[in-house]
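Descriptive structure summary
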Amino acid sequence: MEEMRQEMHAPQRHRTLLDYSRILIKRRWLILLVFFATVAYTAFKTFTETPMYTATVQILIERQTPHYIDQPGASSQYDYSGEEFYQTHYKLLESPALAKIVADKLNLKSNPSYAPIFRNLPPNADDAMKQQAEEDLIGAIAGGVQVNPVRQSSLVNVSFSNPDPKFAATVVNTLARSYIEQSLDLRFAASQEAAAWLKGKLIEGRKKLEESEAKLNQYKREHNIVALDDKESITEQKLEQLNKDLIAAQTHRMEAETRFKEVSRGQPISQVLNNPLILALKGQEAKLIAEHSELSRKFGADHPRMISWTNELATTRAKISAEMGQVVQAIKNEYYMAKAQEENLKGALEKQKAETQDLGDRNIEYRVLLRDVETNRALYENMLKSLKTTTATENTPATNIRIVYPATVPTAPVSPRKSRNLMLAAVMGLVLGVGLAMVMESLDTTLKTPEEVEGWLEIPNLALIPHMEFTSGNPVKEEFPELIVHHGTQPLASESYRGLRTTILFSTPGQAPRILLVTSSLPLEGKSLTSANLATAMAKAEPNVLLVDADLRRPSLHKIFHLPAEPGLSNFLVGELDDLPVVETIVPNLFVVTAGKIPPHPSELLGSERMREFLDLAKSRFGRIILDSPPLMSVTDAAILSTQAEGVVLIIKAESVPRKAAMDARDQLLEVNATLLGVVFNNIPTQSNGYFYNSYYRYHSYYTGKDDGPDPRHRRPPQPGVLGWAKNKLDHFKQKI
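Parameters and conventions
- Residues numbered from 1 in each chain as written.
- Predicted model: local features only at pLDDT ≥ 70, side-chain atom pairs only at ≥ 80, totals over all residues.
- Heavy atoms only, no water.
- Helix = DSSP H or I, 4+ residues; strand = E, 2+ residues; numbered from the N terminus.
- Buried < 20%, exposed > 50% of the residue type's maximum accessible area, 1.4 Å probe, protein only.
- Contact = heavy atoms within 4.5 Å.
- Polar contact = N/O pair within 3.5 Å; in protein donor to acceptor, adjacent residues only side chain to side chain.
- Phe/Tyr/Trp six-rings, centres within 6.5 Å; stacked < 30°, edge-to-face > 60°.
- Core = buried A, V, L, I, M, F, W, Y, C linked by side-chain atoms within 4.5 Å.
- Pairing = 2+ DSSP bridges.
- Expected span 1.5 Å × (residues − 1).
- Axes fitted to C-alpha atoms, helices over the stretch in contact; angles between N-to-C directions.
- Parallel < 35°, antiparallel > 145°, perpendicular 65-115°, else oblique.
- Nonpolar A, V, L, I, M, F, W, Y, C, P; charged D, E, K, R; others polar.
- Patch = residues over 30% accessible without salt bridge, like charges linked within 9 Å, V, L, I, M, F, W, Y side chains within 5 Å.
- Areas by Shrake-Rupley, 256 points an atom, 1.4 Å probe, with all protein chains shown as cover.
- Salt bridge = Lys/Arg side-chain N within 4 Å of Asp/Glu carboxyl O.
- Right-handed = clockwise from strand over helix to strand, strands pointing away.
- pLDDT = per-residue confidence, 0-100.

1. Re the overall build of the protein chain
Counting secondary structure elements, the protein chain contains 26 helices and 12 strands. Across the 737 residues in the protein chain, those meeting the buried criterion constitute 40%. Considering only intrachain contacts with a sequence separation of at least 6, the fraction spanning at least 24 residues in the protein chain is 81%.

2. As for the environment of S642
As for its position among the elements, S642 is in helix 23 (residues 637-642). S642 sits 28 residues away from L670 along the chain, and the two C-alpha atoms are 9.8 Å apart. Not counting the four nearest positions on each side in its chain, S642 is found in contact with L517, V648, L669, V672 and A674. Within the structure, S642 has its side chain in polar contact with the backbone oxygen of A639 (distance 2.6 Å).

3. Considering unusual backbone geometry
In this structure, P567 follows E566 across a cis peptide bond, with omega equal to -5 degrees. Relative to the helices and strands, P567 is located in the loop between helix 19 (557-561) and helix 20 (569-573). With phi around 55 degrees, N544 is a residue other than glycine that occupies positive phi space. Position of N544 relative to the elements: it lies in the loop between helix 18 (527-539) and strand 7 (545-549). Judged by relative accessible area, N544 falls into the partly exposed class, the value being 33%. At N673, a residue that is not glycine, the phi angle is positive and equals roughly 60 degrees. Considering the arrangement of structural elements, one finds N673 in the loop between helix 24 (659-671) and strand 12 (676-684).

4. Observations concerning the packing of aromatic side chains
Counted according to the given criterion, the structure contains 6 aromatic pairs. On the numbers, 5.6 Å between centres and 55 degrees between planes, the contact of F591 with F622 is tilted. Residue F591 is located in strand 9 (residues 590-593), and its partner F622 is located in the loop between helix 22 (609-621) and strand 10 (624-628); the two are separated by 31 residues in the primary sequence. Of the residues examined, F622 reaches a relative accessible area of 5% and is grouped as buried. Following the ring pairs from residue to residue traces out a cluster consisting of F85, Y86 and Y90.

5. Side note on the nonpolar core
Across soluble globular proteins, you tend to see nonpolar side chains buried next to one another. Judged by nonpolar contacts, the single largest core of 47 residues is most densely connected at L569 and F614. With 5 residues, helix 24 is the largest single contributor of residues to this core. Setting aside residues up to four positions removed in sequence, F614 forms contacts with V548, L569, F572, L580, P581 and V593. Listed in part, the 36 residues of the second largest apolar core include Y90, A99, L108 and A142.

6. Re the sheet that holds strand 11 (residues 647-653)
Within the open sheet, the 8 strands sit side by side as 5-12-11-6-10-7-9-8. Their pairing is mixed. Looking at strand neighbours, the two that pair on one side only are strand 5 (461-466) and strand 8 (583-584), the edges of this open sheet. Here 2 bridges tie strand 8 to strand 9, and the two strands are oriented antiparallel to one another. Across the sheet, the residue bridging to V583 is V592, located in strand 9.

7. Description of helix 7 (residues 127-143)
In a regular helix each residue adds 1.5 Å, so 17 residues correspond to 24 Å; helix 7 covers 24 Å between its end C-alpha atoms and thus fits that length. Along helix 7, the residues that are buried comprise A133, L137, I138, I141 and A142.

8. Quick notes on the sheet that holds strand 1 (residues 53-61)
Pairing is antiparallel across the open sheet formed by 4 strands, whose spatial order is 2-3-1-4. Here the strands that pair on one side only, and so sit at the sheet edges, are strand 2 (145-149) and strand 4 (401-405). Taken over all neighbouring pairs, the strand axes of this sheet differ in orientation by 30 degrees on average, direction set aside.

9. Considerations on the environment of Y336
Take Y336: it is sitting in helix 12 (residues 304-394). Judged by relative accessible area, Y336 falls into the partly exposed class, the value being 46%. Each C-alpha atom, one on Y336 and one on R253, is 8.2 Å from the other, the two residues being 83 residues apart in sequence.

10. Let's talk about the packing of helix 2 (residues 17-26) against helix 13 (residues 418-443)
For the pair helix 2 and helix 13, interaxial distance at closest approach is 10 Å and the crossing angle is 100 degrees. As far as their axial angle goes, helix 13 and helix 2 are roughly perpendicular. In this structure, helix 2 contributes Y20, I23, L24 and K26 to the contact, and helix 13 contributes V434, A437, M438 and E441. Across the contact of helix 2 with helix 13, the residue classes tally to 6 nonpolar, no polar and 2 charged.

11. With respect to a nonpolar patch on the surface
A grouping of M423, V427, M428, V431 and L432 is seen on the molecular surface, where their side chains present a nonpolar patch of about 490 Å² in accessible area. Relative to the elements of secondary structure, M428 occurs in helix 13.

12. Looking at the pairing of strand 12
Of all 9 residues that make up strand 12, 8 are buried, and the element is covered over most of its length. Two strands pair when backbone bridges link them, and strand 11 and strand 12 are joined in this way by 6 bridges, in the parallel orientation. Counted as the bridge partner of I652 is F681 from strand 12. Note that the unit made of strand 11, helix 24 and strand 12 has a crossover that is right-handed.

13. Notes on the confidence of the model for the protein chain
When the pLDDT values of the protein chain are averaged, the result is 76; 72% of them are 70 or greater. When pLDDT is averaged over each helix and strand of the protein chain, the minimum, 41, is found for helix 1 (residues 2-5) and the maximum, 92, for strand 9. Scored below 50 in pLDDT, residues 1-10 shows 19 contacts in the model against residues more than four places distant or in partner chains. Counting contacts from residues 472-476, a segment whose pLDDT is below 50, to residues more than four positions away or on other chains yields 4 contacts.

14. Here's the deal with the packing of helix 5 (residues 96-106) against helix 7
One way to put it is that helix 5 packs onto helix 7 with a least axis distance of 8 Å and a crossing angle of 105 degrees. On the basis of their axis angle, the class for helix 5 and helix 7 is roughly perpendicular. Of helix 7, the residues touching helix 5 (which contributes P96, A99, K100 and A103) are L137, I138, I141 and A142.

15. Notes on the side chain of S159
Within the secondary structure layout, S159 lies in strand 3 (residues 155-162). Of the residues examined, S159 reaches a relative accessible area of 7% and is grouped as buried. In this structure the side chain of S159 is engaged in a polar contact, spanning 2.8 Å, whose partner is the side chain of T56. Those residues in contact with S159 that sit more than four places away from it in its chain are T54, A55, T56, G144, V145, Q146, N148 and V172.

Have a look at this one:
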């Protein structure tokens, strides 16, 4: 119970092909309506539409890259061999500019097809209105042009559509020729512009060349430059030689300086010691000193020979001193000369460096001027060559566009395609019809099949009651047409009510519920009819069955059994009667208590102690009591009575009750702890959406031999096998249609 109180969600069940076939059969008239409406509208539009003829001209667009200035290593700014090249041509073919050329050539302003554009202009139309009319004409021409490139080729099909086939061919051929002429004009104009630009640049280039040559000559005159390369070579040789001489002079000066310093300190040096004259004088001095020993022993100091010796020794030593002074002075003089030579070479070297640097600066300036001259000369010669080439191209008209196959007058219209349009309309109408049927079905939230009832409500189906038509030729049956179980007029429905009786008797373990409450979620679901026939079915199987009309608001059982409305249940509940107001019916063992007078507050009476007394008295006299109550969603009467009943049967009318209403009714019964036995799925259609019921109906009629249709003895039993199954399905479909 607790699980059933929880909020219900949509059952996880996918639709099968059989479910879709039921939907299509049910919504067949909507599908047919949409189908025929779509086909009819398409046929009307197709057969009333003006035929259009399309003429096509095929042109060849070759890849060609225009070069106006021939520069080595330079590339074109645009890639004319790529996809952009062809897309540009396609857009130019569809451009309003080309359409205007065609309109002017063919004088389309006076053409009957386009003359109304200008004829509708007011007499005082201004320039803006006239311009707009011309734009409308150009737009009409450009709008009729179609460009279709041929895949994997340079061919292009250009088409034009118009109701007049000759006019269509004339326009598209004129358009192709005009495009070729436009291409030539553009190329010629581009050549002229390039030539004019080159002429101006050529004059500028010549002027620059002359100016650069004049600057170069002026510079050479100012600096006396004849052959700058030879002068550079001589200067470099002088600088190198001076550098070598300076190094040698520095070395000599260092050697002389060393000797000078030794002599200045009085130290003996090799130049003095190894001097031949000094060595000879030294030898002579040594000889005189040796003679002095001998003479001093022989002679006295005053002896002439001693005086001569002394004078000779003094003379020799004076010579030695004089010679040594000369050598020292020579060394000093050599040092001073070496130092002076070094200074002179340094000065000469610095001067040569300055001269070399000045020559390098002049060389740089010279080469800059020379390079300007060479560059200007090359540009001038290149522009002169390009001007000659461009002038030759300008005088030679050529284009990369040619007509391969001119347009011919079409013999058959391209639109409307009647057969194709009708076929598409049929397919579209069928798709729209089926789609609309599926949408309508998805928007329909009513319970339509027993599977949906069990899936959404999670309570069992007690019985399936088909739709019934109350017609008969028997006067008695016409008087009581609703009592089909009693009369047996509709065997299938009668058998369904008997099945409901059996299901209820075996619905609970042990003893079957004696007090049954029959209710519904909404009005007009057939609860009173179900109550009457269920009571009739039980009365045929057991004695003393009481049917009570507990609907004290809109009672109907007295109408079904043709009984007086009073006295009834309300009379007993208000205390007007002490005994049960039971009335016998035409059905044996079936007794009815009508509703009686309609009270102002029925729910209070049904929930009173007096109602319990009524049920106790009824249980003491009758074996089965069936209460027909009001709908659950309208008033609380049914919920009050459900607490006093031993079992509740909920009536659900097929294709009429929304799922939300049925679920709310179920929840209302569960909230008061009523014993909900199950659902009776009532008034099931057998012609639109009752395929599941038709299957049951066919087998029921086969086994029972009862049918509302032809004599069952003339029916054939279902044939076995695939062929039999297909034949049975076809027969069933024919019955549906």
